[in-house]
Structures are given as structure tokens and as C-alpha cells.
Amino acid sequence: MTLRVIAVVVSQDKPDLLAETLRAITAQTRQPDSVVVVESSKDFAPIEAMAEVFAANEYRLIRIAEKTARGSSINSALLATSEAMFGPEPASPADWFWILQDDTAPEPTALARLLETIERSPSVAIAAPKLVQWQNPRQIIQLGMTLSPGGQLFAIAANQLDQSQHDEVEDVLAVGFSGTLLRVSTYRELGGFDDSAPSLAVPYDFSIRARLGGHRVVVVPTAKVRQALQLAKPGESATQPENALAVRKAEIHLRLAFLPALLAFAYWLVLPLTGVAISVLRLAQKRPNRIGSELGAAAWGFLTIGRRWASRSLLSARQRRGFAKLNRLRASWSQLRAEARRSAPPRQTESIAAESGFESKSFIAAGGAWLVVALLALSFALWPKLPAVSGGSLIPLSDDWFQLFGRAGAAYQALGNGFIAPSDPLTWLLSAIGALTFWQPSLAIAALLFCSKALAFIGFWQLASLVTHRASVKNLTALGYALFPLFLTVQLQGRFSALVLAVAAPWLVLAVTRLTGVGLQTALPSAQKSWSLVGLAGLLLAAVGSAAPNTIPVLLVFLLVFAVTRFRRAGYLIWVGMPLAALFTPLVAHLLTRQPLALLLDPGVAVAQPSLVSIFNPQLWILAAPALLALISLLMRRWGFALWVWLLVLLAIALAWFNSKLIFESDFGGQGSAFALLQLASLGIFVLVALTLEQWASVDRLVWLRIVSGLLLLGSTAMPGAVLAAVEKPDLSWSDGRVVPSIVAAEAKQGSQLRLLTIRPAGFTDSTPTFSAKLIAGDGLHLEDTSVAYAFTGSDTAKTNLAKQTAQLVANLVSGNGIDLRAALKNAMVGYVLLPPDTSTAAQELSVSLDATAELEAIGSTDFGQLWRVRDPASSATVQDRTPGISAADGFWSITKITQLVVLLGFTLLALPSASGPRRVRRAND
Amino acid sequence: MIKRILALLLVLGLAAGGSFTALNYSSLFELRVGEQPKPIIATVRARDLSLLCPGGFYRAGGASGTKVGTFDQVPSASLGGSWLGPLSSELSSTELGGRKLKSPGTARREALREPLLKPLLLALGDPTGKLTQGSALLNAQQLQLVQTGRANGLATAACQRPSNDIWLLGGDTSTGRESLLILDNPSQVDASVDLELFSDKGKVTGSGLSGISVPAGQTKVLPLASLAPKALSLAVHLQSRGGSVAAWVQQKTVRGLKAAGLDLVSPASGFRQQQVVPGLLVRGSKLATTLIKSSLDYYDLKPVLRLYAPLTSAERNGSQPAAVGFSAQVIGADSETFGTVLQESVTAGSVKDFALDNLQDGDYSVFIEANRKVLASVRMVRVSKGANLNTDFAWLSASPAFKAPRLLTVPKQGISKVAIANPSDKPVKVEITNEATGSLSEYQIGANGSLVLALNPGEVFSLAAKQRIHAVLVIDVSGQIGSIDITDYKNIGGKVAVPPSF
């Protein structure tokens, strides 16, 4: 039977390429029997200009309405051609459409090769050529399409170099329509293309229906067609969000159209959840730019179910059951893995180092591990003898991680008589750190304190790669940073804010510089790696900011500098601030109209703050060497970078001075802390020192200078720091983590809502004896219970009736005058009264008064002071009557908390390394 | 290169400018964030002022002296003192054991004169709740000249306000010396008392020191020799749970078969780095020296300074106790009386006696400066040769500083002298007012000086100064000596400030 080929050239607004396509048709070794140009351009003039060419070649021209979707325009073209060529008469099995588009140009033998295959195999209804790039015919665009086992679109051999490695492929699940031979009768039998399907799903839909109708769909690798339009590559991750959306829509449509009815319905029901789940997966894969397309496609699929379901009517149920038999044509897992490996970007670190010709030693090879061991040994005085460390700004955490986590993002503070305000962002950091030793969260803090020198060393060592590859310089400057006396003071005095900054800041700076390509690693990271760095930097910024809020201005300036100087990466940098914003927004909103400067207060327990001068004075001679070396960096080659760093250092010092001049008139009291900002400044100084030493090292005749300055740095900073670390005793204590007497803690654990009232003499106020009192709920005041917002509410609190009643109760207890206090104690929900250890006369008198109070029963001395129990405390019924309003506010979850948690978890997923990481580049000598 | 130098100059300029501003103008800039919340002022009525007097001297072994564990009281101690009077307040006097004494009189200021056998609780009520408590409202002391075959000496004590944490720095359980710990519980609730004893060897360990029950309204007498035998130097710390107690150490000396003095040791006034012990009136020093040389049994005839240094929390947890250094200046009241100076140390957690050698007869005060808060007391001895050789001693507690008026009632018996010390480096003017006549006498005490004045027996005086002074009343009855602390007890009442940061 002689095959009759009707070439259908679908043209839309590309007259130049159309001419090429027509020339390629003319050059075919086997000419088509008819050529029909189906034109849907807006501007018809260029086509009219080609009328002579059409006439000379007896090309038929059909004009149809413009279509935006490629699939639709091809379908319309075929319909129009079919109508024009055959009318209502049935088409012969020998009639074939050869579908070409105005951006395709078949090789001279393409049609002949296609027809050879068809003649050999009469069951073939659709035969597609090997699509190659117009400019580079050796690059394959497509050689058939299939689905992955999970239903994702997958283009076989897409974007591979044509080395005939796939020339044995024949039967495929689906083919595109560029250069494809399609039997006309099959086209008519199947009712044409499904117009309700998304454009990327149309070829799949038609091919699968053809297969299920008993026809074969094949590719003919020897028939090549060049194509100029870069199609979206189905089955491969698209780089543009709109392509990703098209791919997802196609996948969803195919599932809804071809799954058994029950399964399809169930799939539709969970589609929104599936969209959310896959969005989370995209975060983990460091593809957050795909989240929009995932959610959009899921919403589209859910809301257009009518049209998806209508597509099912194109197949009978019996035919649909045969879909499972097509699984043999799906891509295998090994094919998918091979494709993923092939398309992963190369890892850049080694390649850069290899290109620079400098072999950078690893941390272990550089002796870093030994130095870490030495630093841990120097920190022996901070070994956690017991799980919980107290002193400085540290008190124990709750021993129940869930209770600790409950404080994070809370809207109610169980302090005093209860207070509605956002909790400190620090609670999130404490929850994260406490999770490391969830069975005893305080142990993680104690361990962090012990390991902080070592961790700071490791962090700075990695950061130093910003300016140097030399292990000696990294070791020396990292030691200087870790052993700097300021940091030692921070450790020994338990200044948690500065401690967290010292450990986390090097990693934060490293993440941001890697993200923006600053430093010796000049190549920009891949998209995946960039998002991973965004996640890491975002979390670290949130950690540092929540521990030391007064450093946020400097850190924001730091980000701004990078955003301006590395403008191309500004889009990533904007996201870095998101976790910090999520954590701080509630507190900022609360304090903005009250005490905005309170945001600069270090969270946690108040600790005495020395003035800036008294911090610097003992250490001036230690500062000299690093400062001098840092200044010299301004005279060297990378002076511009050095200048920026110096300006940030000076800004940090200026803000440190400003903070030290703040006097917080609050429950915490005292001056603002300068330690965190000074620690940040020291980070900058040591980066500059590393820069100076590196630049000296790179000049042979200055090696002696490097050696001398290295010894100077060692002798003036690292060694004194080591000696001080070994000799100085910490101003800290270790305990089992209890903050209230055991009996009180035990009752709290059993669910008692009675409170502990602590009273202590507080001298005189205008000659009036003063006694401070605290109402402590549960098992005591832990580090996560402290609240900056609450600290500044004293004046407001004093005006409330509840406060006045509490003050009167305290005064009556202090006087021990024998009046009936039962009602007052019940009203205040006091179960215990504690007098902390105090050898003053006033404390002794207070003790006598409490002993004389009939409503109290003396329990005796505890680790926390003398304890009395209320003989007839409020009952559970009374407690419940009193607390419904409070209980309503004191819920575990809140909108704020959920939002913050979602943001933090999202960034954590971003930051975690994913399986599809960058591939290792093989070096030339491997 | 120019750009690099400019960059360096920019950085140096900014650093220098910032440093200059910070160093020179720092004091001008101070930003207060928030406002210190004003404390809530609550008004409360003070608890009734209660003082407990120990009653008669305790005799171990009963009348025969052989009944082990039996302690009876020898009649009678004389109660002295004054209170504000029934026009403004109500006084109830109740012996432990329940007997109420006669109703008070009707004067504006009523004197207290009662023979005492049992411990007596004086409770002064203030129905209006407006009276200012203190020695002007109620002051009381007792005095007893004990002259039995087994005890001889003057026992004096200020009646004390019950407490639940008491330090007593006195006592001796060596051969011939008896020290009894007297615990009186005037409350309605049983008290459980825990003891800590410290000697020159450190903390005394052993059983029977904790959970000592003192039933409500009763007295417990404990011989310290059973808890810390043969201890030359003792410090007693007691803490009670439940009811508050009053406590004294009754110390007695017997040399051979001869009773050789006794005293009631009152509670210490508190730990301080600077302690002042006024009232060291040395008499019969030459005779004492002769006796000391004649026999070792007279070792305690010399005045001593007793010091106790507490342990820090680290030392309690196992650190090596430090040697607490101090200097003690024994300064005479006049230019002809030369004292002495000590520079010594005492191991933390222990008690040590330091002999105050070579003090001639005269009036002295002892000024102590230590590098840690300590307790201090001085044993004053009296040797007189009348018909028989007579010795007695009295423990002088370190006196707390005061300048506001304090009332003291001078005992009717014997010769009473008030010793006043000024530890400051400026002279101080002291005012002594006779409450009965209203006459005011002013005296000047030089820097680091002291003054000893005889007061009329049986009269009430008010003692005040423009600066802080330390004072004690020393009584001599027929060569037997005792001391009475000039106390000013007050319970918290009136306005109390409570910061609102709960």
C-alpha cells in the first residue's frame, strides 16, 4: 500500500523560520505528497508575501484562528487539514500527517527514515524523529517521552550529546508532535487531541490513548529534525517557575485522567495536601522557587476537576485498565538517577582550589583536631560537673523539653500575676539547643559553655578560608580568636549572648560570603547551594539576633553592604532576614509603642555590666598586636575589603559604647551590655589579621615578617589567653537544674497550679523597709521564662488591684502581725513561701515573722532558702475558677508560634544538605 | 598607594575621634530606658513586741547536784526595765508554764520590777497599731547574784526577742567549766532546733545536734559538754523550725571545789567585718596575773578576744577553709590607759581565743577589722580580794552600731556603767537623757575612742548620738560582774515598700 504523506506545517508568527522549514521540506529525499501550511499568525502580511513560493510549490494555505497553546494550535491545524483534505470521508490507513512547525527543519532523509519504519511495522500509528537543536544538531532535544514510576514527566535523552547511544530505542510511551508522522485515521479515531489537557500533557495523553487503542508509538532515531524553539523539558526540573508549573499541571492531569476512578478521586481529594507536602520536599531539595508552582498546580488540579474528569470520557474503563500494562515503557529508577547525576552542577570548591594551583589542607590535615583537643583541655574548669550551669546570665532550663518548647512563641508569660506579651525570641534558640539533649535541656547549655572555645576555633578556621588558604594562618588566627581574653571573660562570667555570638557569628559570615561569592571562593554557588546557604544564614542570623539583639543593627548593615556590592545576589540576601523577622516581629510590635530601646537589652538574667573602659583597660596590651596587624591590612593589596571590614568593626565598637551608656530601668536593671558587640568586633579584627598574614605570606621576601608577626600574635594573644584560661576560675556553679525546692517542683509536676512566693529584704526606699517578692508558677523560673517585655511593665503592673493585693499580702507576711491571711493567700494562689539565703538581720526578722504566721507551716531549710507551706492553700476548684481567662491565653499553640515554627522549619529544611547535591568534579589527573 | 594611606587615615581618624569622644564626653551621655517602677507602699500593723527573760540560774543535778539530766532554777533573778505605760499600750507578762504576773500600773512609763524564777515572756500590745516599737516601747533585763555552794557570780542578760536563727559566742566545756544551752520556746507551736557547734578544731560533729524538740511554752536545757566535750572555745549556732526560741549559754567556772564565776551569754548581734566590743573594764589585773602564774587552772583569768569566722559556701562544699586575717585594737578610754594591738588569723569554720595580755587596770574598748564577716566577743574577768578571793567573768558581745535614741534601764543593784565606743575617725557627741528628770548630758568621744560613765541605779536613760556608736552596760555587784546589751527590738510595721515586679 502506498503511503500518502500530508505535511502539515503549523505556522505562527515566525515567517523567517517558516521559510527555512519549507526549504527543508523541499530538500527531502522522499517528498511529501501534499504540503499544507496552516497559518495562525496575527500578522498575515509576511505569509502573503510568500504566496508565490506557495504557488510554485503547490503548497496549500489554510488560515485558522490564533491559539496560544502549542497543542491547541497543532490540533486546530490537523482538524482544519483533515477537514480540507478529506472532508467527511473516512481517511485511508495509508494517509499520514507529517506534523511540522515553523521552527522545525527536518534533515533531508527524515521523512524517508520515518516511512521506512512505518512500512516495516504497520501497527505503528505515531512515529517521531530524533529532535535536535537547530544550532547544534549534535545536541538532542527529545527522543520520545515517558513517565517515571512516580508519574513525573521524563524526556528520554533530553539535552544529551548525540553519540547514537540511544539509537536502539523504538517503542516509547509518548512522543511530541514536532516532525512526527501521525496516521490520519488514528487521529480521527481517537477524536484528536484533548483540548482540556494542559499543553505539556497533550502529547502524553494522545500517545497513551493511541497505545491503549492498540496502536504503537515509536521513535525513529535515524530520522532527525532540527528545532529552534527550546521546549520545556518534561521529566526534568525546569529552571523557570512557569515551566515548572506547566510540568506539574501536566502530571496532575495525567494522573486524574488515567488512574482508576476510585484512585483518581482519592488523589484529587488529597491534592492540596500533596501540594503542601511536595512544597516541603522542594525546600529540602533547595528548590524553594518551585514552591509556587507546586501549590499553584495543586490548586489548579483541585479546582478544575470537572475538566479533568471530562478527559476520562475519551477512554473507556476497559481501555483505562490497560494503562498498567504500559508500565514497561516507563523510565526506570536507574534512568532517573543517571539523569539526576548528569544534570547536577559540579562542586566548585575543589575546582577553584585546583585552578588556583594551591592545595588547601583540610581541617584535620592542618592539625585543627589537635588544637580543638587542646582548647577543650583548657576549658576543663567549665566541665559540666552537673547538668545545669548557673551564673552570669545563665540559670537552668526546664528539665522537660516540651515545657521549654512551650515557651517559644508563647503569647502569655506566667510571671508574677500573669502577663500577656510575646515571649523573647531567645526561647526558640534555647529550644533548639535544648533539643540536643532533650532528656535534660540544661546539659546542652553546659556543654555549649564547655565546648565554646573549640567551636569558636572551628568556626573561625572555616571563616578564615575567606582570605587565606594557608593552614598556618588559619590555625594562628583561629587560636587568637578563641583565646582572646574578651571571649574568656564571656565564658567565665556566663555571658550567654556574647557566647552564642562568638560561636555562631563566624559561620554566619561564612555563609553570607559564600552566598555572595566574596572572598577567595570567587565562583558563585549553584542555585541549590545558594538556597542551602540562604537557609543556613537565615537560621544563624536568627540565632545570633535572638541571643544578642543589640548586634542586629551591625548585622543588618553587614547584609546591606553585601546586597549593594553584590547586587545580583540581593534576591537571595533578602530571604536571609526572614527567620529573624518572624521571631522579632511580635516583640517589636509590642515594644515599639512602649520601650523600643528595650529591644537592645540582652535577654536572660541580668548580669552586672562593666563600662567599656573597664573592659578594655586590662586588655589593652593584648589588643595591640592584632589591632596593629589589622591596620596594616589597609595598606595592602586587598585594602578595599579591609576598609569595609574596618568600618563594620568601628560600627560595632561604637554601638558597644552606645549600649554601655544605656541604663535599663527595669526588673533586670543595670547597664546595657557591650560584650556581644565587642566580640563581633574582635571577629572582624582577626579576619583582618588573617588577611594581613596571608598577603605577607604570598610575598617571598616578606615571609620573615609573617613569622615575626605570627609569633607576636601568639605571644601577645593566644598564649596569655591560654594561661588565663588555665588559671582563672569561672564565676559559675553547676547544679542538678532545680530552681525551687524539690517539694515545690514535685507538686508542680503533679499539676498543682499553686505558686511559690519568694520574699527577700531589699534594703530601704526613702527610709521605708523594702521587701521584694516574686510569684513563681510551676517548677520555678527558668531561663526560658525570662521576658524582656515583662521586665518593663513594673509601672503598669503597680497600678493593678492584683499587684496592690499582692503587696499587702507580702507586707502582712513580713510583719507577722497575726491577721487572718487565709483569704489573701488563696486569692494569690500561694502554696509555698520561700526566704532565699540571707544572713542579714532583716532576713532573720522576716524568718521570725513567717514562723509566727499561723497560716504557714515551716518545712525547714532547703538549698534555696527557708521554706514554709501554706496550711490551707487554694483548692483545685478555686484555682480553676480563677484561671479560665488566663488559661485561655496560656495555650501551647498560637498563630504566632505556628507561623514562627513554619518559617524556622522551612529554613531548616533549606539548610540541611540534600541527597541531590553537587557532583564532584574529576580532576584531570584522576 | 595614596588610596590605601587615605583608608588607613580614615580608620585611624574614626577610631581616634570615637575614643576621644567616649573618654571625654562619656559622662554627658546617659540614656535611661524605662522608668524604675515605684514600690507599692503597704501599711501594716507590727507584730506585738515580745521579749523573753531567762529567769533564775540553772542548777545542774538538782538540789543535790547528783541527779543527772535535772536542771532546776535557782531563785530569784530581778527583772528590770520599763515600758511605755498603759495609757498607750498593753503589757502581758506570762511565765513559761502559764502563770501570769500581776497587772501593770498606770504610769506613763512603767517600770518593771519582778522577782523571776521561771522564764518570763513580756508581750506589749499596741491596739492602735501606731506605736513605734523599740527600746522606748519596751526594754527589759534581768540580773541575778548567785551565791550558792556550787555557783558564784553575777548573771545578767537583756531579755531577748525570740528568733529562729541565733549565734552564741561563748562557753567552755573544759575541766571545771560548765556550759548549758538554754532554749526557751514561748510560742504556741513546738520548735525543732538544729545545732551547729564550732570549737577551735572546727565544726563539731556528732549525734544529737539536730531535731532537738522544744515543746511549746517549755524550756530545754542542754549541757554542751555532752555535745562538744573539753572544748575551750565554743560558738553555738541554732536554727529552729516551727516556733521561735530564745537562747542563752549559761557558763559556770569551778576551780577545785570553789565556784569561780558565772555568766549568761546573750546572742551575738550579727556578722560584720568591723566589730566593736565596748566595756572591757579591767580590774585586778595584777592579782589575776599572779594567780595565772600560780596555777594552770587560772588560765581563763585573762581577758580574751574570741573570734569565729564562718565558712563560705565553697568551703562548705569542700574547699580548703581559708585563714581569715584580722587586726584588733584594744584602746583605753583615757590617755593614761594603754591598750594593745593584735594581728592574727582564725581558720574559717572555727573559733579561737586570743589572749589580751598585759592589760593594766582600766577601761578599754576593742575594735576589730577582719577580711571577712566574723563574730566577736570578749571575756572580761574580775578578780577581787575581799574576805575571800573572788573571781567572776562576763562575756561582752560585739555591739551593733546605732545613733537613734535607745533606752536602757539601770539595775538597782550594784554599780552600773555604760561604756560607749566611737569607731569612726571623727569625734562624736553623745547625748544621755534621764527619762525621769528629763536632764540631758552631752559628752564628746574622740575618734577611735571610748567613754565609760557611771549611771544612777534604777533609773531609765536614753542614749543617742549624731553618728554611729556602740554601747554596753557593765554591772558590778560586790566584785561580781555582768554585762547587759543595750538592745532596741522592733518588729516590722507601719509602711512597707514592695516593688511591683512580681
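About the thresholds
- Residues numbered from 1 in each chain as written.
- Chains lettered and ligands numbered in written order.
- Predicted model: local features only at pLDDT ≥ 70, side-chain atom pairs only at ≥ 80, totals over all residues.
- Heavy atoms only, no water.
- Helix = DSSP H or I, 4+ residues; strand = E, 2+ residues; numbered from the N terminus.
- Rg over C-alpha atoms; globule rule 2.2 N^0.38 Å.
- Areas by Shrake-Rupley, 256 points an atom, 1.4 Å probe, with all protein chains shown as cover.
- Lys, Arg positive; Asp, Glu negative; His and termini not counted.
- Charge placed at Lys NZ, Arg CZ, Asp CG, Glu CD.
- Contact = heavy atoms within 4.5 Å.
- Buried area = accessible area lost by both parts, 1.4 Å probe.
- Salt bridge = Lys/Arg side-chain N within 4 Å of Asp/Glu carboxyl O.
- Polar contact = N/O pair within 3.5 Å; in protein donor to acceptor, adjacent residues only side chain to side chain.
- Nonpolar A, V, L, I, M, F, W, Y, C, P; charged D, E, K, R; others polar.
- Axes fitted to C-alpha atoms, helices over the stretch in contact; angles between N-to-C directions.
- Parallel < 35°, antiparallel > 145°, perpendicular 65-115°, else oblique.
- Left-handed = near helix turned anticlockwise from the far one by under 90°.
- Buried < 20%, exposed > 50% of the residue type's maximum accessible area, 1.4 Å probe, protein only.
- Domains from an automatic or database assignment.
- Pairing = 2+ DSSP bridges.
- Patch = residues over 30% accessible without salt bridge, like charges linked within 9 Å, V, L, I, M, F, W, Y side chains within 5 Å.
- Phe/Tyr/Trp six-rings, centres within 6.5 Å; stacked < 30°, edge-to-face > 60°.
- Lys NZ or Arg CZ within 6 Å of the ring centre and 35° of its normal.
- 1 Å grid on protein atoms, 1.4 Å probe; cavity = no way out; pocket = protein on both sides within 12 Å on 5 of 7 lines; lining within 4 Å.
- Points joined across faces, edges and corners; volume = space filled by probe spheres on them.
- Expected span 1.5 Å × (residues − 1).

### Quick look at the overall build of chain A
Piece 1. When its secondary structure is counted, chain A shows 40 helices and 21 strands.
Piece 2. Taking 2.2 N^0.38 as the reference for a compact globule, 926 residues should give roughly 29 Å; the C-alpha atoms of chain A span a radius of gyration of 37 Å, well beyond that estimate.
Piece 3. Counting only C-alpha atoms, chain A reaches 120 × 80 × 45 Å along its principal axes.
Piece 4. Accessible surface, chain A: about 37,300 Å² in total, of which carbon and sulfur atoms supply 62%.
Piece 5. Once the 77 positive and 63 negative side-chain charges of chain A are each reduced to a mean point, those two points are 5 Å apart.

### Thoughts on the interface of chain B and chain A
Piece 1. Contacts between the two partners involve 52 residues from chain B and, on the opposite side, 64 residues from chain A.
Piece 2. Contact between chain B and chain A buries roughly 5,100 Å² in total, counting both sides, with carbon and sulfur atoms accounting for 64%.
Piece 3. Applying the counting criterion to the chain B and chain A interface returns two salt bridges.
Piece 4. The interface formed by chain B and chain A holds 17 residue pairs in polar contact (both at pLDDT 80 or more) in total.
Piece 5. Among the secondary structure elements, those contributing two or more residues to the side of chain B that touches chain A are α1 (2-25), β1 (31-33), β2 (40-44), β19 (235-242) and β37 (494-498) of chain B.
Piece 6. Counting residues per element, the side of chain B that touches chain A draws most heavily on α1(B), at 12 residues.
Piece 7. The residue makeup of the side of chain B that touches chain A, split by class, is 28 nonpolar, 11 polar and 13 charged.

### A closer look at the packing of helix α16 (residues 368-378) of chain A against helix α20 (residues 471-483) of chain A
Residues and elements named next belong to chain A.
Piece 1. At a closest axis distance of 12 Å, the pairing of α16 and α20 adopts a crossing angle of 15 degrees. Judged by the inter-axis angle, α16 sits roughly parallel to α20. Where α16 crosses over α20, the two elements pack in a sense that is right-handed. Counting all contacts with α16, which are made through Leu371, Leu375 and Leu378, the residues of α20 involved are Asn475, Leu479, Ala482 and Leu483.
Piece 2. The residue makeup of the contact of α16 with α20, split by class, is six nonpolar, one polar and no charged.

### Thoughts on the packing of helix α22 (residues 496-516) of chain A against helix α30 (residues 675-697) of chain A
All names here are of chain A.
Piece 1. Contact pair α22 / α30: the axes reach a minimum separation of 9 Å and the direction vectors enclose 35 degrees. Taken as a pair, α22 and α30 cross one another with a handedness that is right-handed. Residues Ala498, Leu501, Ala502, Ala505, Pro506 and Val509 of α22 form the contact with α30, whose own contacting residues are Phe675, Ala676, Gln679, Leu680 and Leu683.
Piece 2. For the contact of α22 with α30, the residue count by class is 10 nonpolar, one polar and no charged.

### Some remarks on the pattern of salt bridges
Piece 1. According to the stated counting rule, one finds 41 salt bridges over all chains in the structure shown.
Piece 2. Note that A:Arg30 is salt-bridged to A:Asp33, the shortest N-O span being 3.3 Å.
Piece 3. The class for A:Arg30 is partly exposed, based on a relative accessible area of 24%.
Piece 4. Judged by relative accessible area, A:Asp33 falls into the partly exposed class, the value being 43%.
Piece 5. Of the charged contacts, one joins B:Asp72 and B:Arg59 as a salt bridge, the two residues approaching to 2.8 Å between their closest N and O atoms.

### Considerations on the domain arrangement of chain A
Piece 1. Segmentation of chain A into domains returns domain 1 (4-236), domain 2 (382-399 + 440-733) and domain 3 (742-888).
Piece 2. On a C-alpha basis, the centroid separation for the pair domain 1 of chain A and domain 3 of chain A is 85 Å.

### Brief notes about the sheet that holds strand β14 (residues 177-185) of chain B
Residue and element names in this part refer to chain B.
Piece 1. Strands sit in the order β18-β14-β20-β21 across an open sheet of four strands; the sheet is antiparallel. The open sheet has two edge strands, β18 (218-223) and β21 (258-265), and neither has a second partner. Across the sheet, the mean angle separating the axes of adjacent strands is 20 degrees when strand polarity is ignored.

### A look at the pairing of strand β15 (residues 191-199) of chain B
Along any regular strand the residues' side chains alternate between the sheet's two faces.
Residues and elements named next belong to chain B.
Piece 1. Most of β15 sits inside the fold, with eight of its nine residues counted as buried.
Piece 2. Judged from the three bridges that link them, β15 and strand β17 (residues 212-214) form a sheet pairing that is antiparallel. Each bridged residue has a counterpart across the sheet, and for Ala191 the counterpart in β17 is Val214.
Piece 3. The pairing of β15 with β19 spans eight bridges and is antiparallel. Bridge pairing in β19 links Asp194 to Gln239.
Piece 4. Bridge count for β15 against strand β16 (residues 202-204) is three bridges, and the pairing is antiparallel. Residue Phe198 lies in a different strand from β16, and its bridge partner there is Lys203.
Piece 5. The antiparallel hairpin formed by β15 and β16 contains two residues in its connecting segment.

### Some points on a nonpolar patch on the surface
All names here are of chain B.
Piece 1. Among the surface-exposed residues, Met1, Ile2, Ile5, Leu6, Leu9 and Leu12 lie close enough to one another that they form a single nonpolar patch of about 610 Å² accessible area.
Piece 2. Here Leu12 is to be found in helix α1.
Piece 3. For Leu12, a relative accessible area of 38% corresponds to the partly exposed category.

### Some thoughts on the packing of aromatic side chains
Residue and element names in this part refer to chain A.
Piece 1. Counted by the stated rule, this structure contains 35 aromatic pairs over all chains.
Piece 2. Ring centres 6.5 Å apart and planes at 70 degrees place the aromatic pair Tyr481 and Phe686 in the edge-to-face group. One end of the pair, Tyr481, is in helix α20; the other, Phe686, is in helix α30, and 205 residues separate them in sequence.
Piece 3. Of the residues examined, Tyr481 reaches a relative accessible area of 0% and is grouped as buried.
Piece 4. Cation over ring: Arg312 sits above Trp309, and NZ or CZ is 4.6 Å from the ring centre.

### Here's the deal with the sheet that holds strand β31 (residues 428-434) of chain B
Residue and element names in this part refer to chain B.
Piece 1. Here we have four strands laid out as an open sheet, ordered β29-β34-β31-β32, and antiparallel in their pairing. Looking at the sheet topology across the chains shown, the edges are occupied by β29 (406-409) and β32 (440-445). Neighbour to neighbour, the strand axes of the sheet diverge by 25 degrees on average, direction disregarded.
Piece 2. In the sheet, β29 pairs with strand β34 (residues 460-465) via four bridges, with the strands oriented antiparallel. Note that in β34 the partner of Arg406 across the bridge is Leu463.

### Describing empty space enclosed by the protein
Residue and element names in this part refer to chain B.
Piece 1. Inspection of the entire model under this criterion finds 15 cavities of 30 Å³ or more.
Piece 2. As for the second largest cavity, its lining consists of Asn139, Ala140, Gln141, Ala158, Leu407, Leu408, Thr409, Leu473, Ile484, Asp485, Ile486 and Thr487.
Piece 3. Among the elements of the structure, β11 (138-147), β29 and β36 (480-485) are those that each provide at least two residues to the lining of the second largest cavity.
Piece 4. For the lining of the second largest cavity, the per-class residue count stands at seven nonpolar, four polar and one charged.

### Regarding unusual backbone geometry
Piece 1. Going from B:Pro75 to B:Ser76, the amide bond is cis rather than trans, its omega being -25 degrees.
Piece 2. Within the secondary structure, B:Ser76 sits in the loop between β5 (71-74) and β6 (77-83).
Piece 3. Its identity as a non-glycine residue notwithstanding, A:Met829 has a phi of 55 degrees, on the positive side.
Piece 4. Inspection of the secondary structure puts A:Met829 in the loop between α36 (822-827) and β19 (830-835).
Piece 5. Take A:Met829: its relative accessible area is 5%, and that puts it in the buried class.

### A few points about α30(A)
Piece 1. For α30(A), with 23 residues, the first-to-last C-alpha span of 32 Å sits near the 33 Å given by 1.5 Å per residue.
Piece 2. Burial runs high along α30(A): 23 of the 23 residues are buried.

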